[in-house]
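# Chains, contacts and geometry: an overview
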Amino acid sequence: MTQSKPPVQASLFVTCIIDQFYPDVGESMVRVLERLGVKLDFPQAQTCCGQPAYNAGFWSDAKPLARRVLDQFQHSEYVVVPSGSCASMIRVFYPELFHEEPESLQKATSLAKRTFELSEFIVDVLGVTDLRHLSGDVAASESKKITYHEACHLRRELGATTQSRALIRSLPGIELVEMDQAEVCCGFGGTFSVKYPDISGAMLQDKLDRIKATGASSVVACDCSCLMQIGGGLEKGGSNVRSVHLAELLDDAIGKTVRPDSRLG
Amino acid sequence: MQPRIKQFPQLAAAALKDEQIQNNLLGLYNGFHQARIAASEATPNWDELSDRGRAIKAHTIDNLDYYLEMVERTVTAAGGKVFFAKDSDEATQYVIEVAKARGVKLAIKGKSMVSEEMGLNHRLEEAGIEPVETDLGEYIIQLADETPFHIIAPAIHKSKEQVSDLFQEKLGTPPMTEISDLAAEARRQLRKKFIEADMGITGANFVVAETGTVALVTNEGNGRMSTSMPKLHIAITGMEKVLPSIEDLGIMLRLLIRSATGQRISSYVTTVTGPRKSDDEDGPEEFHLVLVDNGRSKLLADPALRESLYCIRCGACLNACPVYRKVGGHAYGWVYPGPIGAIVSPMLTGLSDGKDLPYASSLCGACKEACPVKINIPRMLLYMRHQLAEGDNYPEHKTAPLGEAITFKLWRLSLSNSLSLKIFSGLARLLQKPFAKDGRINKLPPPLSAWTNLRTFPALASRPFRKRWKS
Ligand code: SF4
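What counts, and at which threshold
- Residue numbering note: each chain is counted from 1, following its sequence as written.
- Throughout, the order in which chains and ligands are written sets their labels, letters from A for the former and numbers from 1 for the latter.
- Predicted model: local features are reported for residues with pLDDT of at least 70 only, side-chain atom pairs are reported and counted for 80 or more only, and whole-chain, interface and lining totals are derived from all residues.
- In computing side-chain values, all of the structure's heavy atoms are included and hydrogens and water are not.
- Strands here mean DSSP runs of E at least two residues long; helices mean DSSP runs of H or I at least four residues long; both are numbered from the N terminus.
- Two things to know: the radius of gyration comes from C-alpha atoms, and the globule rule equals 2.2 Å times the number of residues to the power 0.38.
- Buried means the residue's accessible area, taken with a 1.4 Å probe over protein chains only, is under 20% of the maximum for its type, while exposed means over 50%, and partly exposed covers the values in between.
- Note on contacts: a residue pair is in contact if any heavy atoms of the two residues lie within 4.5 Å.
- The sign given to each residue is positive for Lys and Arg and negative for Asp and Glu; His and the chain ends receive no count.
- One atom stands in for each charge, and that atom is NZ of Lys, CZ of Arg, CG of Asp or CD of Glu.
- Throughout, the edges of the domains are those of an automatic or database domain assignment.
- Note on definitions: buried area is the accessible-area loss of two parts on being combined, 1.4 Å probe, summed for both.
- Salt bridges, as used here, are contacts in which a Lys or Arg side-chain nitrogen is within 4 Å of a carboxyl oxygen on Asp or Glu.
- Within 3.5 Å is the distance limit for a polar contact, defined as a pair of N or O atoms, with the added protein rule that one can donate a hydrogen and the other accept it, and that residues adjacent in sequence qualify only through two side-chain atoms.
- Gly is put with the polar residues, along with every residue not named as nonpolar or charged; the nonpolar set is Ala, Val, Leu, Ile, Met, Phe, Trp, Tyr, Cys and Pro, and the charged set is Asp, Glu, Lys and Arg.
- Disulfides are defined in this document as cysteine sulfur pairs within 2.5 Å.
- The rule is short: rings of Phe, Tyr and Trp, with Trp giving its six-membered ring, pair when the centres are within 6.5 Å, and they are stacked under 30 degrees, edge-to-face over 60, tilted in between.
- Our definition puts a charge over a ring when NZ of Lys or CZ of Arg is within 6 Å of the ring centre and also within 35 degrees of the ring normal.
- By the convention used here, strands pair only if DSSP detects at least 2 bridges between them.
- A fitted line through C-alpha atoms serves as each axis, taken over the contacting stretch for helices, and the angle formed by two N-to-C directions is quoted from 0 to 180°.
- Expected span of a helix: the number of residues minus one, times 1.5 Å.

## A look at the overall build of chain A
- Helices and strands together make up the secondary structure of chain A, namely 13 helices and 8 strands.
- In terms of C-alpha radius of gyration, chain A reaches 18 Å, essentially the compact-globule figure of 18 Å for 265 residues.
- With the C-alpha coordinates aligned to their principal axes, the bounding extent of chain A is approximately 60 × 55 × 30 Å.
- Taking all 265 residues of chain A together, 62% fall into the buried category.
- Pairs at least 24 apart in sequence give 79% of the contacts found in chain A among residues at least 6 apart.
- Across chain A, the 27 positively charged side chains and the 33 negatively charged ones have centroids separated by 1 Å.

Right, dumping it as structure tokens:
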């Protein structure tokens, strides 16, 4: 990005999971985006995109939450979401949810065009694919092996398969070791993991085995719901492989530096 | 076939514990699934081909009456008979009547999923007619008295050792270790039946309306034997299998075969247009085509589910599905397993009976990615969940438990604004205290204990993100 361009303005939709369970991931995202020169705002009234109820069939409970999102981000230039799944909810499923309600549908179609998952936002909107210039020198001996889990909705609803990998590959001192079947679901699926904990658990076990087989010290993904499942499984099994959100990995690479004008308190 | 779709949770749990099934499912990802990916990548303009295939199906299904009438005309003109069966009973009766009138004792069968819907084999036996499956996989499961495990590979859950044991028990053969020996034995057994049979029953992968042609795809040639050796041939298929023209057939065959097995073309593609003509060297003297509805008009009538009729039964969504690859085909409790089965089986046999199937998906979308006609399976599963939970279109099938409905009302209330979120999450922080340690919850009380048996659960953070933001 050239400095002469006016800064990109973007609103954060941090998702309820990150807000309540993984706020550190939210902070990482803020530091990274601010370092990339993005001016961020955070609509304080935001809660949840409504996906759990939508997926469970309770659309009448999903709709009021979805309408709040439509209103809160109506005037945002861009909306950045650190979750492929919640970004899909807004971009793909809102227009379907409201397909018979013209007024909301119009808002949903407009918001869909402005909503991006974090890695998409960095690569496709900011045009940044290489973060080397922001990260310090790393001694070769410090090189760290990580592996990447491809979140389902990021891949199949948003069609984003290359962005996150490109960013990871640009980081000095990070070696990306692809796991077998990286694109196969970890078994989370929201209510699916509650209704069918054992089928979900069997899928998880396969995922964990493939993660461990890479010898990586961390598994990275762009979605905290996958990381809740994968990280929870790793912990339960006493593994020392860490589950890490892409935002945290990028944040680490740029030394967690905070801009003086940061909005983080 | 008697549906057991009510028992999905139990059948799935049993399959998860069955080591043999788990082992035999392991090959699907690197086998059929990767073969399909390689075949589609090797096909120039696969995506366009897929779009064309989808458009052909959409057009045909939107004009199904018209094309079904055309089929009746063209098949009749070619000397065959067409019977429209409203359900599987009507279809079964028709087949048995025709067979009895010709004094049929032995019927050889090519693969037909619709005949599984009808439970035809048992009905034929009751009528004193011996049915013999001639597709190797179907032959194996007929001997084992099981139902197909997979749409295109019915016996894929059986190892060669299990097949050898089965042959020993049912056919009195010595133990065999090579697949080729097992296949040779089946061939030897079937050869006699092919020669003796007085009727051939097959499915049809496609029915071409403009010519009245039935097309069959096989790798064993048994389809061709079943359609040409006996004097009488009855083809049975779902009414959605119609295609307008021979040109369309070319496109659909390319999509079907590559998606099913990864082959560019199957060993055999058999086309049958009516009975043998006077100058034909072989073929049956009599040809019937039975087109079965059996609940398909319900799918046709519902715009949200109509695209499930675009399915060409290639099985790619099963191979791609991580749930199918864990629970296998029998867990789904009826003829059609996997992602497409989770839609079709409940809709054909009773939505509320099959209420567990639409939820048996993580909605990962691997099925949609694999489908050669781009059927949006996750969207239909979501729609069915909605109908089960609170929809208006199938009111008699609304079955969501009250507890679930209340949970979502509370959940919605807790997230309805930031104050409410503050109150509810504050309450949850208090409630989690006895369970949380170092930011983790190791054990939750039932019913959530099943979750924490295999995973820890994160505790709510003491300072949520919203408090870390400087307004
Ligand atoms: S839904 Fe698609 S992928 Fe699945 S069997 Fe039908 S055509 Fe094949």
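## Regarding the domain arrangement of chain A
All names here are of chain A.
- Here the domain parsing of chain A yields domain 1 (9-125) and domain 2 (132-254).
- With 29 residues of domain 1 at the interface, the matching set in domain 2 holds 22 residues.
- Both sides together, the interface formed by domain 1 and domain 2 hides about 2,300 Å², and carbon and sulfur atoms give 67% of it.
- Its largest share of buried area at the contact with domain 2, domain 1 owes to Val-25, Arg-35 and Ser-119, together 20% of the area lost on that side.
- Put simply, Arg-31 and Asp-251 hold a salt bridge, and the shortest N to O gap is 2.7 Å.

## Some points on the interface of chain B and chain A
- At the junction of the two partners, chain B supplies 65 residues and chain A supplies 72 residues.
- Overall, the association of chain B and chain A removes approximately 6,200 Å² of surface from exposure, summing both partners, and the carbon and sulfur fraction of that is 59%.
- Three residues, Phe-465, Arg-468 and Trp-469 of chain B, lead the burial of chain B against chain A; their summed loss comes to 13% of the area buried on that side.
- The shortest N-O distance in the salt bridge between Arg-156 of chain A and Glu-369 of chain B comes to 3.2 Å.
- At the junction of chain B and chain A, the tally comes to 39 residue pairs in polar contact (both at pLDDT 80 or more).
- Of the residues in the side of chain B that touches chain A, the class split is 34 nonpolar, 13 polar and 18 charged.

## Let's talk about the state of the cysteines
- This structure, assessed with the given rule, holds 0 disulfides over all chains.
- Free of any disulfide, Cys-48 of chain A has its nearest cysteine sulfur in Cys-16 of chain A, 3.8 Å distant.
- On the basis of relative accessibility, which here comes to 2%, the residue Cys-48 of chain A falls in the buried class.
- The thiol of Cys-367 of chain B is not disulfide-bonded; the next cysteine sulfur, from Cys-364 of chain B, is found 6.4 Å away.

## Some thoughts on the packing of aromatic side chains
- A full pass over the atoms with the stated rule returns 23 aromatic pairs over all chains.
- Aromatic side chains Phe-408 of chain B and Trp-411 of chain B sit 5.8 Å apart centroid to centroid with 75° between the ring planes, which places their arrangement in the edge-to-face category. Pair noted here: Phe-408 of chain B and Trp-411 of chain B are both in helix H20 (residues 402-414), with a separation of 3 residues, about one helical turn.
- Between Phe-465 of chain B and Trp-469 of chain B the ring centres are 6.2 Å apart and the planes differ by 35°, which places this aromatic pair in the tilted class.
- Judged by relative accessible area, Phe-465 of chain B falls into the buried class, the value being 0%.
- Judged by relative accessible area, Trp-469 of chain B falls into the buried class, the value being 6%.
- A network of ring pairs unites the aromatic residues Phe-192 and Tyr-196 of chain A together with Phe-8, Phe-149, Tyr-324 and Tyr-332 of chain B as a single cluster.
- Stacked on the ring of Tyr-359 of chain B, the Lys or Arg Lys-195 of chain A has its end atom at 4.2 Å from the ring centre.
- Positioned over the ring face of Trp-451 of chain B is Arg-455 of chain B, at 4.6 Å from the centre of the ring.

## Concerning the sheet that holds strand E1 (residues 81-85) of chain B
Residues and elements named next belong to chain B.
- With respect to topology, 6 strands assemble into an open sheet ordered E1-E10-E7-E4-E2-E3, the strand pairing being parallel. The open sheet has two edge strands with one neighbour each: E1 and strand E3 (130-133). Recorded for the sheet is a direction-independent mean angle of 20° between the axes of neighbouring strands.
- In the sheet, strand E2 (residues 106-109) pairs with E3 via 4 bridges, with the strands oriented parallel.

## Considering helix H4 (residues 46-62) of chain B
Residues and elements named next belong to chain B.
- Here H4 contains 17 residues, and its C-alpha end-to-end distance of 24 Å stays within 8% of the 24 Å for a straight helix at 1.5 Å per residue.
- Among the residues of H4, those classed as buried are Trp-46, Leu-49, Ser-50, Gly-53, Ile-56, Lys-57, Ala-58, Thr-60 and Ile-61.
- In this structure, the buried side of H4 is in contact with helix H3 (27-41), helix H5 (64-77), strand E8 (242-243), helix H13 (246-261) and helix H14 (296-301).

## A few points about the pattern of salt bridges
- Under the defined criterion, the tally for this structure stands at 45 salt bridges over all chains.
- A salt bridge links Asp-89 of chain B to Arg-123 of chain B; the shortest N-O distance between them is 3.1 Å. Taken together, the residues Asp-89 of chain B in helix H6 (residues 88-101) and Arg-123 of chain B in helix H8 (residues 120-126) connect sequence positions 34 residues apart.
- Here Arg-123 of chain B falls in the partly exposed class, since its relative accessible area comes to 26%.
- Bridged by salt links that share partners, the residues Glu-150, Arg-155, Arg-156, Arg-165, Arg-169 and Glu-178 of chain A together with Glu-369 of chain B form one connected network.

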